[in-house]
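# Tertiary structure, described
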Amino acid sequence: MSESCNHQCDSCDQNNCSSRNAGIQKAPANPSSHIKKVYAIMSGKGGVGKSLITALLAVLAKRRGFNTAILDGDITGPSIPRMFNLHTKARADQVGILPVETKTGIQVMSMNLLLKNETDPVVWRGPVIGGAVKQFWTDVVWGDIDVMFIDMPPGTGDVALTLFQSLPVDGVILVTTPQDLVSMIVEKAVKMAGLMNIPVLALVENMSYFTCPDCNKTFHPFGESNPEETAKAFGISKVARIPVNPKLTAASDKGMIELFEGNWLNELANELLD
Ligand code: ADP
């Protein structure tokens with residue numbers, strides 16, 4: 001996708017563009033939004049750390065001085081606001097909905113920033129949820145953003161499909177756990193991205209190992225795995241591993257993810273933010 005993309009394929013002469021090649025008209029961003037790169041963080045199922053990886057990548061991008069945004073596409077299970085301790089409600093003006101800014105300046109839009117009570121469930125059917133995700137793109141006044149990370153809904157269902165079809169996603173970062181590597185879950189996610197003509201840029205194996213703080217020995221609580229082999233089989237060039245780390249749980253559950261320390265995703269961030 002070109003950096004000057006306005007998502008109006010009809011009037012564009014870029015023939016080698018992934019959006020155009022998918023043959024699908026993308027939804028136009030709010031006229032006040034100028035978003036250069038969009039990465040989708042995807043997992044085959046829920047609870048594998050997709051939101052955590054989204055948050056970590058956004059924090060790294062912000063630390064490197066990029067104007068950074070998170071679009072929380074996980075409408076029914078939004079956990080991004082909690083990780084950043086965001087409880088202010090999003091406001092709207094005549095131009096659109098304004099994202100909420102984290103302490104370090106990351107722009108966030110999430111269903112939980114719109115609900116009256118954060119604990120209210122979103123009991124909507126798939127197409128309505130898909131419409132809400134699309135509106136996070138079309139109606140939110142993102143401003144000038146160098147890189148946006150989308151926390152995808154888990155799995156390869158209806159909403160994920162709408163999101164891939166409507167938003168100009170430049171690449172997917174696939175999050176798995178060691179158990180998932182041997183199942184068909186990863187393959188399904190890779191195939192879905194392939195069908196949408198979106199490259200899978202990296203495989204992040206979360207909860208990959210655990211290093212004992214007392215004896216410094218490494219354990220594999222979910223079994224030993226070989227993410228490099230899986231990545232190779234699917235033509236994914238980058239692999240990152242993240243350990244089970246109680247400090248990460250505490251940082252995300254207490255809303256202090258912007259203070260996290262750890263170099264597990266530095267190389268991946270270098271590549272994505274190149
Ligand atoms: P998903 O978005 O895939 O549903 P989350 O990112 O919300 O999953 O993670 C689920 C829970 O697991 C969160 O409480 C998170 O802090 C915790 N968690 C995820 N990855 C790790 C990790 N590597 N170490 C410790 N806790 C983790």
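Okay, so let's go over this structure. All chains use their own residue numbering, which begins from 1 and follows the written sequence. Side-chain atom pairs in this predicted model are given and counted only at pLDDT of 80 or more, local residue features only at pLDDT of at least 70, and totals for whole chains, interfaces and linings cover all residues. Each side-chain value is worked out from all heavy atoms of the structure, with water and hydrogens disregarded.

### What about the site of the ligand?
Of all residues adjacent to the ligand, which total 19 residues, the nearest are Gly-47, Ser-51, Asn-206, Pro-243 and Ser-252. Two N or O atoms form a polar contact when they lie within 3.5 Å of each other; inside protein one atom must be a possible hydrogen donor and the other a possible acceptor, and for residues adjacent in sequence the pair counts only when both atoms belong to side chains. Asn-206 places a polar side-chain atom, nitrogen or oxygen, 2.8 Å from a nitrogen atom of the ligand. Only DSSP runs of H or I with at least four residues qualify as helices, and only runs of E with at least two residues qualify as strands; both kinds are numbered from the N terminus onward. Elements with a contribution of two residues or more to the shell around the ligand: helix 2 (50-63) and helix 9 (246-253). No other element matches helix 9, which puts four residues into the shell around the ligand. Each residue gets one label: Ala, Val, Leu, Ile, Met, Phe, Trp, Tyr, Cys and Pro are nonpolar, Asp, Glu, Lys and Arg are charged, and the others, such as Gly, are polar. The residue inventory of the shell around the ligand, partitioned by class, reads eight nonpolar, nine polar and two charged. If a single non-hydrogen atom of a residue is within 4 Å of a molecule or strand, that residue counts as near it.

### A short note on unusual backbone geometry
In the Ramachandran plot, Met-207 falls in the positive-phi region, its phi being about 55 degrees despite a non-glycine side chain. Along the chain, Met-207 falls in the loop between strand 7 (200-205) and strand 8 (210-211). Notably, Asn-216 is not glycine yet its phi reads approximately 65 degrees, a positive angle. In this fold, Asn-216 is placed in the loop between strand 8 and strand 9 (218-219). Partly exposed describes any residue whose relative accessible area lies between the buried limit of under 20% and the exposed limit of over 50%, with all areas from a 1.4 Å probe on protein chains only and scaled to the type maximum. Asn-216 sits in the exposed class, given a relative accessible area of 60%.

### Structural notes on the nonpolar core
With 85 residues, the main nonpolar core has Phe-84, Phe-164, Ile-257 and Leu-265 as its most contacted residues. It is helix 2 that contributes the most residues to this core, nine residues altogether. Two residues qualify as a contact provided that any one of their heavy atoms is within 4.5 Å of a heavy atom in the partner residue. If sequence neighbours within four positions are ignored, Phe-84 has contacts with Ala-55, Val-59, Ile-70, Thr-102, Lys-103, Ile-106, Gly-255, Ile-257 and Glu-258. Residues belong to a common nonpolar core when they are buried Ala, Val, Leu, Ile, Met, Phe, Trp, Tyr or Cys residues joined through side-chain atoms within 4.5 Å.

### Considerations on the packing of helix 4 (residues 126-138) against helix 5 (residues 158-166)
Each packed pair of helices is defined by two parameters, the angle between the axes and the distance between the axes. Note on geometry: axes are C-alpha line fits, over the in-contact stretch for helices, and angles between N-to-C directions span 0 to 180 degrees. Between helix 4 and helix 5, the shortest axis-to-axis distance is 9 Å and the interhelical angle comes to 35 degrees. Between helix 4 and helix 5 lies a crossing whose hand is right-handed. Taken together, the residues of helix 5 that come into contact with helix 4 (itself represented by Gly-126, Pro-127, Ile-129, Gly-130, Val-133 and Lys-134) are Asp-158, Val-159, Thr-162, Leu-163 and Ser-166. For the contact of helix 4 with helix 5, a count of residues per class yields five nonpolar, four polar and two charged. The hand of a helix crossing depends on one turn: near helix anticlockwise from the far one by less than a right angle means left-handed, and clockwise means right-handed.

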